[in-house]
Amino acid sequence: MTALPYSRFVRSAGVGVGTLLLFGVVTGLIPNPLYVRMVERTPADYLFLVATAAFAAGFVYQRSLTDDPIGDRYAAGGIVGGFLAFGCPICNAVLLALFSSSALMTYFDPLRPAFGAVSVAAFGGLLYYQRRRCEACGR
């Protein structure tokens, strides 16, 4: 509770923009010469990228308003779910090591929008719950 409101906003905006840029470059949604995406980009990929970055920023801002922050694990799960939703399934080395590329494209790729929906719902629920608990948030 000691940080000034402006510094809280700057920190949360930095987290949002940083998340957007980092995940956008790493997943190839932001075209770059270092990474070539092997799966076609869809509007849903961009939607889940922006939603994940916005929810991460909102979480950091709300977390800074309370002396008793909660939900770090849920926020991490929301970020992982969001990353799985907009990431390239056959470009993910961990998934590719566990499964074949054909299995990923057959079974995992169709589930990516569901991962995105669950991620958005989890983050939305977390922010709602966090706001209800927060006395400084001005309900």
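Our structure is the block above this text.
Residues numbered from 1 in each chain as written. Predicted model: local features only at pLDDT ≥ 70, side-chain atom pairs only at ≥ 80, totals over all residues. Heavy atoms only, no water.

A. Region of the structure containing the side chain of S119. Here S119 lies in helix α6 (residues 112-133). Not counting chain neighbours up to four residues away, the residues in contact with S119 comprise T52, G78, G81 and G82. (Helix = DSSP H or I, 4+ residues; strand = E, 2+ residues; numbered from the N terminus. Contact = heavy atoms within 4.5 Å.)

B. Layout of the packing of aromatic side chains. Going through the model one piece at a time under the given rule, you end up with five aromatic pairs. Judged by centre distance (6.0 Å) and plane angle (45 degrees), the rings of F23 and F86 are tilted. Note that F23 is positioned in helix α1 (residues 5-26) and F86 in helix α3 (residues 72-86), a separation of 63 residues in sequence. A single burial state applies to F23 and to F86, both of which are buried. Here a set of aromatic residues connected by ring pairs shows up, and it is made of F23, F83 and F86. (Phe/Tyr/Trp six-rings, centres within 6.5 Å; stacked < 30°, edge-to-face > 60°. Buried < 20%, exposed > 50% of the residue type's maximum accessible area, 1.4 Å probe, protein only.)

C. Structural detail: the nonpolar core. A51, F55, F59, A75, F123, L126 and L127 together form the largest nonpolar core, which totals seven residues. Excluding anything up to four places from it in sequence, F59 contacts I70, G71, D72, A75, F123, L126, L127 and Q130. (Core = buried A, V, L, I, M, F, W, Y, C linked by side-chain atoms within 4.5 Å.)

D. Local environment of a nonpolar patch on the surface. Residues Y6, F9 and V10 make up a contiguous nonpolar surface patch of roughly 370 Å² in combined accessible area. Within the element layout of this structure, V10 appears in helix α1. (Patch = residues over 30% accessible without salt bridge, like charges linked within 9 Å, V, L, I, M, F, W, Y side chains within 5 Å. Areas by Shrake-Rupley, 256 points an atom, 1.4 Å probe, with all protein chains shown as cover. Salt bridge = Lys/Arg side-chain N within 4 Å of Asp/Glu carboxyl O.)

E. Spotlight on the pattern of salt bridges. The final tally for this structure, using the stated rule, is four salt bridges. The residue D45 makes a salt bridge to R37 at a minimum N-O spacing of 3.1 Å. Residue R37 is classed as buried on the basis of its relative accessible area, which comes to 9%. D72 is paired through a salt bridge with R63; the nearest N and O atoms lie 2.7 Å apart. Judged by its relative accessible area of 32%, R63 is partly exposed.

F. Main features of the environment of R133. In this structure, R133 sits in helix α6. A residue is classified by how much of its surface remains accessible, and R133, at 34% relative accessible area, is partly exposed. When the C-alpha atoms of R133 and I70 are compared, they prove to be 9.4 Å apart, with 63 residues separating the residues in sequence.

G. Inspection of helix α2 (residues 43-64) at higher detail. Taking 1.5 Å of rise per residue, the 22 residues of α2 would be expected to cover 32 Å, and the 32 Å separating its terminal C-alpha atoms lies within 8% of that figure. Within the sequence span of α2, burial applies to D45, F48, L49, A51, T52, A53, F55, A56, A57, F59, Q62 and S64. Tucked into the core, α2 has its buried residues touching α1, α3 and α6. (Expected span 1.5 Å × (residues − 1).)

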